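Chain by chain, the residues run as shown.
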Amino acid sequence: MSQANTAPLLVELFTEELPPKALRRLGIAFAERLEAELRQAGLVAGDAAATPYATPRRLGAFLPAVLAQAPDREFSEKLMPVKIGLDANGAATPALLKKLAAKGLEHLDVAALARESDGKQEYLVANGKAAGAALAHGLQQALDAALTHLPIPKVMRYQLADGVTSVKFVRPAHGLVALHGSDIVPVQALGLQAGRQLHGHRFLAPEPFDLPAAGDYVALMAENGKVLVSFDERRALIDGQLRDQAARLNASLGDEDPEVAALLEEVTALVEYPVVYVGEFEERFLAVPQECLILTMRLNQKYFPLFHPESGKLTHRFLIVSNMLTQDPRHIVEGNQRVVRPRLADAEFFFQTDRKTPLAARVPQLESIVYHNKLGTQLERVERVRTLSRWLAETLGAPVADADRAALLAKADLTTNMVGEFPELQGVMGAYYAEGDGEPATVARALREQYRIRLEQPVSADNVAAAILFIADRVETLVGIWGIGLAPTGERDPFGLRRAAQGLISAFEQLTAGGWLSVRESGALTLGALLRQSLESFPADRIPASVLPEIETFVYERLRNQLTQEHDRSVVDAVLATHPPLHQVGARVAAVAQFTQLPEAASLAAANKRIGNLLKKAERADTPLNPALLTEPAEQALASTIDALSDPVAKQFAAGDFAAALSTLAQARAAVDTFFNDIMVMADDPAVRANRLALLARLHNLMNQVADLSRLAQ
């Protein structure tokens, strides 16, 4: 490919402030779509990908090597059957002439058209060379496609300068630059004609200026325009400045909190020429729970709170990511401090006012808060969660009083001023108020941890009340919301039932890790029992019992998705097919995975599948086994093997040693193989046939205690 007409290409769309949380995605999508369309048109030279640019007021893309004219392309166009395209004299029919005109091929000599057969009839085919697309045409199509397919959160309609035409885009656009080398590419978009005029920083470089060539864009925007156009470079610069300032103050940004990274991403989308300054507030505000102060600074003001590096406690300083570089930032810092002070004072007032009313005294107020119009008030929900929490505590042998108290107070903070202002602090504020009221530490911990996505630590005496509330809350949600017909559909899950199921699974895992549940026994705490207990806590006939199997299947399906990320799907399916207790699933999966490595596994799995098929087809498979009818050596040997293995396998299974049970079961391979080699199961004699099926039914039950081994068959 000739490089004579190759040059860098720069496209920039200048807009009003773009949505910050979508900015990075918009920038990448814009650049990728432009590149893809231009590459498809044959206009991109080389393999270099487009570089995306995104700032609060612009989207851009740079491609290092783009052709002014795409190379000519060979084409072969199948037109129509010869008998339709040519008359008896070989002249073109009106149908052929119309077809050629529609394809832009009217210049072709009809006599020169090639002929191809598909085995049934001959077709006329036009072969030739098509001129490659010009950049102006190709870029116009690429730009249209890029703007049409942007992942825009919400489109707005606005009127153009002519006062008549209106267009739709994420934000009003005011400038378009398209340069190929130093040449303007004459494209248009959103009522704008492409040129070379750039717009810099709103305050630091308010006068527009021209871009001489595409390759000068980044440097010129930084020097003349005071705009760092690369999102990633801007993010890295802010991150470095934040860390430098924190280190200078011997403080931490609290990096362990994922909100720090999310805030960094957001402020990168809010500034074009970032600089970090230090602000502070009165230390008296530190008497307010730090979560309140952190939330208002991050959420409302986009500040980065600073923490003591050793204790993790909040300090009275914070970092401001400003869009203004100045020699004297005093006015910027003081202005931000004036803005944040009233918000902190509000938090202080809310906290002090809320503490005047004990948390327990707030519980009756929940009667005025509707949980769901089909499920009653929050107070009714609290009573359901209390009932389930008490049952859980009794079943586990945990303190019932703590579990009941935590459930009673769980939603009381919904009536507080602080949670009314900051709904994100549900549970957290309840814990603070419970501690201030002198509630047990286990109860306060339960309130604080009730909204976690999953349990991450083994359940101990210190956090068992928290685990019980966590479980009860999620089970009540699953049964109630599913029961009124609001099960998740597709991607829609407005009540977080998938998240509730995942949390429930994690709770069983951590109860087992903490010794509250044992893989050696199924125990009284099963998913089915939990769901039934929850159902009984609702008013009669409010929730149909028919939803319980659906919910149970839903939870096991979430578990399947989780396990198949780490284990072979056939192993997971084999275990879950038996619907084992949730707390035994992990141990069973590990045992079956180990079993599949044995040389006997494949043969036994295939035999198990065969047995299952035979039993399904049999009219009756529940006939008692009659040893007197076992006359063939192979069936006698299989019966003896089953008798010999039944007791040890049962004991190993009961002890939760699933790997040992499967290893013992592997000893049956020789007898099973011989049986199927020598014995015709479906014998002509009905009695013999029924007896052999009864023998296989015993073997089937023995083999499938840990898992349905037929699921392992290839």
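Residues numbered from 1 in each chain as written. Predicted model: local features only at pLDDT ≥ 70, side-chain atom pairs only at ≥ 80, totals over all residues. Heavy atoms only, no water.

Student: Residue-level account of the domain arrangement of the protein, with values.
Tutor: Once the domains are mapped, the protein shows domain 1 (6-70 + 134-224), domain 2 (76-130), domain 3 (231-355), domain 4 (360-565) and domain 5 (584-712). Between the C-alpha centres of domain 3 and domain 4 there is a distance of 34 Å. Together domain 3 and domain 4 conceal approximately 1200 Å² of surface at their shared face, both sides included; 68% is due to carbon and sulfur atoms. Linking domain 3 with domain 4 are 1 salt bridge. Between D354 and R362 there is a salt bridge, with its nearest N and O atoms 3.7 Å apart. Counting every contact that joins domain 3 to domain 4 gives 5 residue pairs in polar contact (both at pLDDT 80 or more). Within the residue set of the side of domain 3 that touches domain 4, elements represented by two or more residues are α8 (290-300) and α9 (330-354). The element best represented in the side of domain 3 that touches domain 4 is α8, accounting for 7 residues. In terms of residue class, the side of domain 3 that touches domain 4 is made up of 8 nonpolar, 4 polar and 3 charged. (Domains from an automatic or database assignment. Buried area = accessible area lost by both parts, 1.4 Å probe. Salt bridge = Lys/Arg side-chain N within 4 Å of Asp/Glu carboxyl O. Polar contact = N/O pair within 3.5 Å; in protein donor to acceptor, adjacent residues only side chain to side chain. Helix = DSSP H or I, 4+ residues; strand = E, 2+ residues; numbered from the N terminus. Nonpolar A, V, L, I, M, F, W, Y, C, P; charged D, E, K, R; others polar.)

Student: I'd like to hear about the sheet that holds strand β2 (residues 51-55), residue by residue, with values.
Tutor: If you trace the 5 strands from one edge of the open sheet to the other, you get β2-β3-β1-β9-β10, paired in antiparallel fashion. In this open sheet, the two edge strands, each paired with only one partner strand, are β2 and β10 (183-184). (Pairing = 2+ DSSP bridges.)

Student: Explain the layout of surface pockets to me, and be specific about the residues and the numbers.
Tutor: There is about 1300 Å³ of room inside the largest pocket. Lining of the largest pocket is provided by 38 residues; of these, D257, E259, E291, R298 and L425 occupy positions nearest its centre. The set of elements that each furnish at least two residues to the lining of the largest pocket consists of α7 (258-268), α8, α14 (428-436) and α15 (441-449). Ranked by the residues each element gives to the lining of the largest pocket, the list is headed by α8, at 7 residues. Residue assignment places the lining of the largest pocket across two domains, with domain 3 (231-355) and domain 4 (360-565) each supplying three or more. When its volume is computed, the second largest pocket comes out at roughly 500 Å³. Looking at the second largest pocket, it is lined by 18 residues, and the ones nearest its centre are Y451, D473, T477, F495 and R499. Examining the composition of the lining of the second largest pocket, we find that 4 residues originate from one element, helix α16 (residues 464-483), more than from any other. When grouped by side-chain class, the residues that make up the lining of the second largest pocket number 7 nonpolar, 5 polar and 6 charged. (1 Å grid on protein atoms, 1.4 Å probe; cavity = no way out; pocket = protein on both sides within 12 Å on 5 of 7 lines; lining within 4 Å. Points joined across faces, edges and corners; volume = space filled by probe spheres on them.)

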